[in-house]
Amino acid sequence: MAEAADFQGTSPSPARRWLRRSGALLAGAPLLAGLLQLPLSSPSQAAEKASVATATGSSGPVDISLDSLSPSAPADGDTITVSGSVTNTGKQTVTDAHVGLRVGPSLDTRSAIDTVARRTSFQPGVDPLEVGGKYVAKVTKLAAGSSQHFSISVPAKNLDLGSDGVYQLGVSLTGRTTAQPWDQVLGIERTFLPWQPDAADTKTKTTYLWPLVSTVHLTAETGSDAQQTPVFKNDDLAKEISPGGRLEQLLSLGSQLDVTWVLDPDLLASVDAMRGGYRIQQANGTTIAGKNQAVANAWLDKLEKTVQGQSVVALPFADPDLASLAHQGKDVTGSLSHLKDATDVAAGTVETIVHVKPSTEFAWPADGAVDPSIIKVATSAGADKVIARSDSLRETGGLPYTPSAARPIGGGTTAVVADERLSTAFQGDMMKADDSTLAVQKFLAQSLMINLQESKNERSIVVAPQRMPTASQAQSMAEGLQALQQGNWSQSQGLTEAAKAKPDPGATTKIPSASSYPSALRHRELPRSAFERIQATQAKLDKFRMILTDESRVVTPFGRATDRGMSASWRGRATEAADFRQGVETYLDGLMGLVHLIQKSDAKLSGRSATIPVTVQNNLVQGVGHLVLRLTSQQPTRLKIGNGPYDEQQIQVAGEHSQSVKFTTSTKANGPVQVVAQLYTEDGQPYGDPVPFEVKVTEITSTVMLVIGGGVLLLVLAGFRMYTQRKRAAARQAEEDAENGPEVGGESADTEGTVDTDTTEDSEAGSEQASGPESGADDPEHPSDPSPDTAPESADPSGTGERVDR
């Protein structure tokens with residue numbers, strides 16, 4: 001950020017010039033005293049003289065930890081208490097030592113604050129003198145490697161603080177070592193003392209974003225029950241929202257502050273999914289029941305109460321990585337449509353779960369880094385305000401102060417530029433009290449300096465911290481923000497109001513070029529292959545949804561899983577991100593595979609025509625339709641399906657059922673024929689794998705029919721000839737009987753009960769021929785009988801092929 005004293009040619013106010021001169025005199029006094037070797041110097045000044053000769057630029061053998069400073073922003077009448085510990089990191093014992101405070105002249109610029117914060121060694125003439133007197137903590141002996149706690153309290157009035165400003169505060173240890181038995185500064189720690197005892201005439205309006213964002217926890221998998229029980233990757237979310245967890249800490253701390261809540265709808269949806277029962281994936285592919293429903297209920301109930309009447313902003317669902325979309329995904333067809341979907345469901349998700357209507361007009365790229373393509377993508381889904389950061393949208397016009405956040409950047413879009421120093425104040429490791437205390441004091445110092453830069457003009461400043469602060473970072477953030485909101489130079493404001501504030505005329509509005517985008521951020525982006533994988537999964541989902549009778553059971557969980565695959569939370573976790581996206585696609589493939597054709601073995605077909613059955617299996621719990629089953633002959637000149645090379649039939653199968661479809665075929669020649677069954681969606685896209693099988697055609701030809709007919713005719717003619725021969729023989733016998741007269745009759749009487757053998761044999765032969773039709777299959781058919789559709793089945797043992805339904 002720009003500021004008055006950071007730019008050459010800027011004239012400071014008369015009061016500031018006086019303060020500078022006074023500060024220079026005060027800073028130079030110890031050095032002058034050391035050079036003149038004044039005999040009346042105090043013990044502390046004597047130590048300063050010794051330090052002039054021994055200072056080497058190192059931090060010294062004693063490490064000082066500043067664990068607390070209270071109050072962080074003192075006012076008139078307050079007593080300032082500084083507590084911490086000193087540790088001897090050297091090899092020699094420290095003796096005759098004490099811890100003292102050093103309050104120096106006020107600083108003029110924000111850059112001066114940065115400079116002081118970077119210094120580690122004691123510098124006589126630059127570091128102020130000790131307050132001394134009774135405001136010291138004695139350290140008689142400090143052995144190598146040992147530590148000792150200290151606490152010093154001093155009334156603010158005894159520090160001779162002048163006008164409003166930011167003062168450097170040093171905590172040093174002065175003592176002796178065996179090798180150097182004279183007083184010297186052996187270690188120092190520096191921080192800042194913001195001094196604004198009375199309310200400022202014009203306060204800075206400060207917007208602090210308080211993000212509730214997490215990593216991806218839900219998978220695309222759901223149970224087959226009516227409630228579609230959700231399945232989580234693990235139970236880490238329960239840890240985050242449990243008492244003491246990161247998200248529980250953020251919610252509890254934020255509920256006591258005046259902040260703008262920035263919510264990821266996916267987080268709310270995931271916690272909400274836990275409330276009705278959920279399952280957790282195991283390494284072996286199974287799932288177990290989750291047991292933290294009560295924790296989820298308590299966290300959401302508290303969030304709902306907290307955000308009522310507060311400023312609330314909803315990010316697109318699952319917080320898509322806008323920079324990755326802009327740099328890697330925008331050229332992959334369909335990628336930007338996912339951002340639009342994620343934005344469209346954001347407001348409804350938040351409003352349904354916590355019953356507050358959020359603003360969805362803000363886009364927040366990672367770390368507030370922007371370039372023209374990011375701005376274009378960020379606004380493509382309907383957002384007209386982009387949260388940038390001042391280290392990306394830098395001041396180039398020489399503005400002598402930190403300008404307001406709102407900047408019109410063209411096309412009806414507003415860039416809301418967060419202050420980089422304030423936004424990154426708590427990004428370090430805040431686990432140690434020393435680190436937290438230093439961060440809080442520096443945060444307050446930078447905020448006060450902004451107000452002092454242009455004290456007569458009201459400005460709106462935005463603070464956009466890291467997306468997912470740790471629990472310790474959140475505690476430090478809350479401590480610093482609470483002190484700020486209790487201070488005398490700042491007042492809280494919502495993000496929507498900050499975006500509407502009147503912009504500074506001289507503030508930069510030019511979006512930096514793509515080449516200026518930080519390479520460190522670019523290396524952490526999602527690759528193009530990620531968006532190609534997402535789009536391939538989406539194409540499968542579009543095909544699957546067409547056949548479902550209740551597509552919401554699939555489209556909703558997979559649509560949200562697609563959003564999660566583009567989440568900014570995957571930055572720096574490329575392998576985990578790829579595994580998640582692959583898992584979504586694999587699960588979708590598994591569901592689609594539950595609707596399939598049953599494999600067919602080779603079949604035999606004899607005769608001129610027959611029907612071939614094909615079975616469709618649906619193992620989904622819901623019915624499917626809008627499918628077409630096509631059976632295709634690869635050799636239609638030998639085997640026709642229907643009236644051509646293929647035939648199609650509409651398919652509709654109830655949930656957990658199968659359906660067989662019969663296709664009429666006709667043969668033209670003998671031999672094997674390859675046949676392929678394939679499912680298609682109604683728009684002609686293949687669905688699932690084809691099922692090929694072989695049909696062996698064994699047609700009864702016309703030559704065979706002629707041979708059979710001729711044989712039948714010969715049998716008929718032979719029977720007729722035998723009949724006429726018997727009839728003629730019977731007539732001759734009758735004539736002979738008539739000529740012989742009584743003899744014949746007597747003879748007949750004598751032979752009553754006997755049968756002519758020949759005649760009898762002939763009769764029996766005729767009888768056998770006459771009984772032939774009763775025997776069935778062995779008798780010849782009449783030539784006029786119609787030919788059967790199929791010939792008798794082969795007497796050979798049947799193979800493994802499926803029997804064709806005739």
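Residues numbered from 1 in each chain as written. Predicted model: local features only at pLDDT ≥ 70, side-chain atom pairs only at ≥ 80, totals over all residues. Heavy atoms only, no water.

(A) A look at the pairing of strand 8 (residues 204-212). Of all nine residues in strand 8, eight are buried; the element is thus mostly enclosed. In this structure, strand 8 lies alongside strand 20 (residues 490-492), joined through three bridges in parallel fashion. By the bridge assignment for strand 20, T204 is matched with S490. Bridging between strand 8 and strand 11 (residues 260-263) involves four bridges; their strand directions are parallel. In the strand pairing of strand 11, L212 is matched with L263. (Buried < 20%, exposed > 50% of the residue type's maximum accessible area, 1.4 Å probe, protein only. Helix = DSSP H or I, 4+ residues; strand = E, 2+ residues; numbered from the N terminus. Pairing = 2+ DSSP bridges.)

(B) Quick look at helix 17 (residues 528-545). Here helix 17 is 18 residues long and its end C-alpha atoms lie 26 Å apart, about the 26 Å a rise of 1.5 Å per residue gives. Three or more residues of helix 17 are buried, namely A530, F531, I534, T537, Q538, L541, K543 and F544. Each element contacted by the buried residues of helix 17 is listed here: helix 8 (322-329), helix 9 (335-344), helix 18 (552-564), helix 19 (574-592), strand 28 (671-681) and strand 29 (686-697). (Expected span 1.5 Å × (residues − 1). Contact = heavy atoms within 4.5 Å.)

(C) Broad picture of the packing of helix 8 against helix 9. Relative to each other, helix 8 and helix 9 sit at 160°, their axes nearing to 10 Å. Relative to helix 9, helix 8 is oriented roughly antiparallel. When the axes of helix 8 and helix 9 are compared, the crossing they make is left-handed. Contact residues: helix 8 offers L322, L325 and G329, while helix 9 offers S335, L336 and L339. By residue class, the composition of the contact of helix 8 with helix 9 is four nonpolar, two polar and no charged. (Axes fitted to C-alpha atoms, helices over the stretch in contact; angles between N-to-C directions. Parallel < 35°, antiparallel > 145°, perpendicular 65-115°, else oblique. Left-handed = near helix turned anticlockwise from the far one by under 90°. Nonpolar A, V, L, I, M, F, W, Y, C, P; charged D, E, K, R; others polar.)

(D) Seen up close, the sheet that holds strand 27 (residues 657-667). Ordered by their spatial adjacency, four strands build an open sheet running 21-23-27-25, and the pairing between neighbours is antiparallel. The sheet is open, and its two borders are formed by strand 21 (595-597) and strand 25 (639-641), each paired with just one other strand. With strand direction ignored, the average angle separating the axes of adjacent strands in the sheet is 30°. Both strand 25 and strand 27 contribute to a ladder of three bridges, which runs antiparallel. Note that in strand 27 the partner of I641 across the bridge is T665.

(E) A look at the packing of aromatic side chains. One pass over the structure, following the stated rule, counts six aromatic pairs. On the basis of an interplanar angle of 50° and a centroid distance of 6.1 Å, the ring pair of Y208 and W210 is categorised as tilted. Accessibility expressed as a relative area gives 2% for Y208, which makes it buried. Residue classification places W210 among the buried positions, given a relative accessible area of 0%. Their ring planes at 50° and their centres at 5.3 Å tell us that F426 and F443 sit as a pair that is tilted. Of this pair, F426 sits in the loop between helix 12 (420-423) and helix 13 (433-453) while F443 is found in helix 13, placing the two residues 17 residues apart along the sequence. For the residue pair F426 and F443, the accessibility class agrees, reading buried in each case. In textbook terms, an aromatic cluster arises when at least three aromatic residues are bridged by ring pairs, as seen for Y208, W210, F426 and F443. (Phe/Tyr/Trp six-rings, centres within 6.5 Å; stacked < 30°, edge-to-face > 60°.)

(F) Looking closely at the sheet that holds strand 12 (residues 279-281). Taken in spatial order, the four strands of this open sheet run 9-10-12-13, and their pairing is mixed. Either end of the sheet is taken by a strand with one partner, and the two such strands are strand 9 (218-222) and strand 13 (287-289). Here the average twist between neighbouring strands, direction ignored, is 35°. Pairing of strand 10 (residues 230-232) with strand 12, which is carried by two bridges, proceeds in the parallel orientation.

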